[in-house]
Amino acid sequence: MTPLAVLAIGGSDSSGGSGLQADVKVFAAMRLYGATVATSVTAQNTRGVQDVFELPGNVVSAQLSAVLEDLPIKAVKVGMLATAEAAAAVTAKARAGVLPNLVVDPVLEAAAGRRRGVVSALERLLPFAAVATPNRDEASALVGWQVSTPADMAGAAAQIASNGPKYVVVTGGDMVAGDEAVDAVWTDAGARFLRYPRVQTRNNRGTGCTFSAAITSRLAQGDDVLEALVAAKEYVTRSLVGARDWDLGNGSGPLNHFDWPTFAAFSA
Ligand SMILES: Nc1ncnc2c1ncn2[C@@H]1O[C@H](COP(=O)(O)OP(=O)(O)OP(=O)(O)O)[C@@H](O)[C@H]1O
Ligand SMILES: Cc1ncc(COP(=O)(O)O)c(N)n1
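Residues numbered from 1 in each chain as written. Chains lettered and ligands numbered in written order. Predicted model: local features only at pLDDT ≥ 70, side-chain atom pairs only at ≥ 80, totals over all residues. Heavy atoms only, no water.

1. As for the overall build of the protein
1) Next: A count of helical and extended segments in the protein gives eight helices and nine strands.
2) Next: Referenced to the eigenvectors of the C-alpha coordinate spread, the extents of the protein come out at roughly 50 × 40 × 40 Å.
3) Next: Buried residues in the protein amount to 53% of all 268 residues.
4) Next: Considering only contacts within the protein whose residues lie at least 6 apart along the sequence, 67% involve residues at least 24 apart. (Helix = DSSP H or I, 4+ residues; strand = E, 2+ residues; numbered from the N terminus. Buried < 20%, exposed > 50% of the residue type's maximum accessible area, 1.4 Å probe, protein only. Contact = heavy atoms within 4.5 Å.)

2. Here we look at the site of ligand 2
1) Next: Surrounding ligand 2, one finds 13 residues, the nearest of these being Q44, E109, G206, G208 and C209.
2) Next: Side-chain polar atom of Q44 to a nitrogen atom of ligand 2: 2.9 Å apart, as the coordinates give it.
3) Next: Contact between ligand 2 and G206: an oxygen atom at 3.1 Å from a main-chain N or O atom of the residue.
4) Next: If you map ligand 2 onto the pockets, it falls in the largest pocket.
5) Next: Counting residues per element, the ones that place at least two in the shell around ligand 2 are β1 (5-13), β2 (33-45) and α7 (207-220).
6) Next: Looking at the shell around ligand 2, its residues break down into three nonpolar, nine polar and one charged. (Near = heavy atom within 4 Å. Polar contact = N/O pair within 3.5 Å; in protein donor to acceptor, adjacent residues only side chain to side chain. 1 Å grid on protein atoms, 1.4 Å probe; cavity = no way out; pocket = protein on both sides within 12 Å on 5 of 7 lines; lining within 4 Å. Sits in = over half its atoms within 2 Å of the grid points. Nonpolar A, V, L, I, M, F, W, Y, C, P; charged D, E, K, R; others polar.)

3. Some points on the pairing of strand β8 (residues 180-187)
1) Next: Of all eight residues that make up β8, six are buried, and the element is covered over most of its length.
2) Next: Across eight bridges, the pairing between β8 and strand β9 (residues 190-197) is antiparallel. Following the sheet pairing, W186 is matched in β9 by A191.
3) Next: In this structure, the hairpin formed by β8 and β9 is closed by a connection of two residues. (Pairing = 2+ DSSP bridges.)

4. Some points on the sheet that holds strand β4 (residues 73-78)
Adjacent strands of a sheet pair through backbone hydrogen bonds, lying either parallel or antiparallel.
1) Next: Read across the sheet, nine strands follow the order β3-β2-β1-β4-β5-β6-β7-β8-β9 without closing on themselves; strand pairing throughout is mixed. The sheet terminates laterally at β3 (48-54) and β9, the two strands that pair on one side only.
2) Next: Both β2 and β3 contribute to a ladder of six bridges, which runs antiparallel. When the bridges of β3 are listed, A43 appears paired with D51.
3) Next: On top of the sheet, helix α6 (residues 150-161) reaches β7 (167-170), β8 and β9; it is set at about 30 degrees to β8, its chief contact. (Axes fitted to C-alpha atoms, helices over the stretch in contact; angles between N-to-C directions.)

5. A closer look at α7
1) Next: Counted at 1.5 Å a residue, the expected span for α7 with its 14 residues is 20 Å, and the 20 Å between its end C-alpha atoms agrees.
2) Next: Across the 14 residues of α7, eleven count as buried, placing the element largely inside the fold.
3) Next: Residues C209, T210, F211, S212, A213, A214, I215, T216, S217, L219 and A220 constitute the buried set of α7. (Expected span 1.5 Å × (residues − 1).)

6. Regarding the pairing of β7
1) Next: Residues of β7 alternate between two faces, with Y167 and V169 on one and V168 and V170 on the opposite face, all of them buried.
2) Next: Summarising the sheet, strand β6 (residues 131-132) and β7 pair through two bridges and their orientation is parallel. Note that in β7 the partner of V131 across the bridge is Y167.
3) Next: Note that β7 and β8 share three bridges and pair antiparallel. Counterpart to V169 in the pairing with β8 is V185.

7. Quick look at the layout of surface pockets
1) Next: There is about 1200 Å³ of room inside the largest pocket.
2) Next: Around the largest pocket, the lining is made up of 48 residues, and of these N135, N204, G206, T207 and G208 lie nearest the centre.
3) Next: Of all the secondary structure elements, the ones that give two or more residues to the lining of the largest pocket are β1, α1 (19-29), β2, α5 (136-143), β8, β9, α7 and α8 (225-242).
4) Next: In terms of residue count, the dominant contributor to the lining of the largest pocket is β1 (five residues).
5) Next: When its residues are assigned to classes, the lining of the largest pocket shows 16 nonpolar, 21 polar and eleven charged. (Points joined across faces, edges and corners; volume = space filled by probe spheres on them.)

8. As for the site of ligand 1
1) Next: In the vicinity of ligand 1, 20 residues are found, and the nearest of them are D105, E138, D183, V199 and T207.
2) Next: Contact distances for ligand 1 include 2.7 Å between an oxygen atom and a side-chain N or O atom of T207.
3) Next: Between ligand 1 and G208, the relevant distance is 3.0 Å, taken from an oxygen atom to a main-chain nitrogen or oxygen of the residue.
4) Next: Out of a free accessible area of 630 Å², ligand 1 has 90% covered by protein chains. (Areas by Shrake-Rupley, 256 points an atom, 1.4 Å probe, with all protein chains shown as cover.)

This is the structure:
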């Protein structure tokens with residue numbers, strides 16, 4: 001049977017744990033056909049991002065046109081945009097109505113000096129998103145104040161939603177306190193929290209990419225947004241559990257994207 005097709009727009013991660021490489025692994029794990037549009041090429045490994053090589057806006061536009069004119073894309077995920085020009089190229093397609101089920105995962109980790117420009121460009125893209133998934137740091141950059149507690153996360157999600165996306169998830173993967181990994185969700189019916197067990201592991205590279213790519217996959221498969229969020233939370237947790245004993249690299253190692261049916265998110 002012909003698989004459903006989905007698209008990831010973002011940066012290449014040379015170590016394969018996050019970015020476009022993680023996205024394509026998630027799509028494959030979900031039995032989807034994944035296309036990619038690269039906005040940048042990063043030199044990185046499990047210890048961190050060493051360099052980001054940005055692709056010109058016209059190169060991003062050309063890839064977008066090539067994919068969208070030909071493949072029947074059902075859902076689109078946006079990760080690292082790297083430059084305001086790349087963001088503008090994506091926004092132009094969103095405005096033209098050719099990016100269905102758009103999930104925006106703002107990645108600012110490696111935006112460095114260009115952060116302000118990228119944030120402004122992201123603000124222009126967000127109104128077209130069905131779901132946005134900033135972490136606490138990215139949410140802080142978008143709302144202009146420090147997002148710390150779960151209550152802050154819910155407040156920030158509401159504020160970001162007022163700029164367009166119907167659903168906003170502020171993820172709390174980096175909150176070390178407690179035995180839960182808590183995310184705040186703003187829905188059109190108000191705030192709620194996704195609470196799953198925190199997995200004790202150093203292998204947490206690409207959690208944000210994996211979570212947002214899983215949401216995108218489930219939207220392509222016809223889930224409504226809340227169903228997709230819960231399924232993605234379950235998937236990222238299982239992928240973390242599945243890689244707990246892996247020994248790849250000296251820093252934050254990658255997740256196990258493929259054995260999720262074997263691992264439970266909640267241990268008995
Ligand atoms: N150790 C962990 N145990 C369980 N869940 C986790 C863990 N770390 C992250 N998560 C979950 O992974 C998902 C991604 O969140 P996280 O805050 O890690 O994203 P991020 O990588 O910082 O995001 P971004 O791609 O936006 O920069 C969330 O559902 C979060 O709760
Ligand atoms: C090219 C690229 N895209 C995204 C991320 C963030 O990854 P995550 O926040 O999921 O750990 C990254 N490190 N590199």
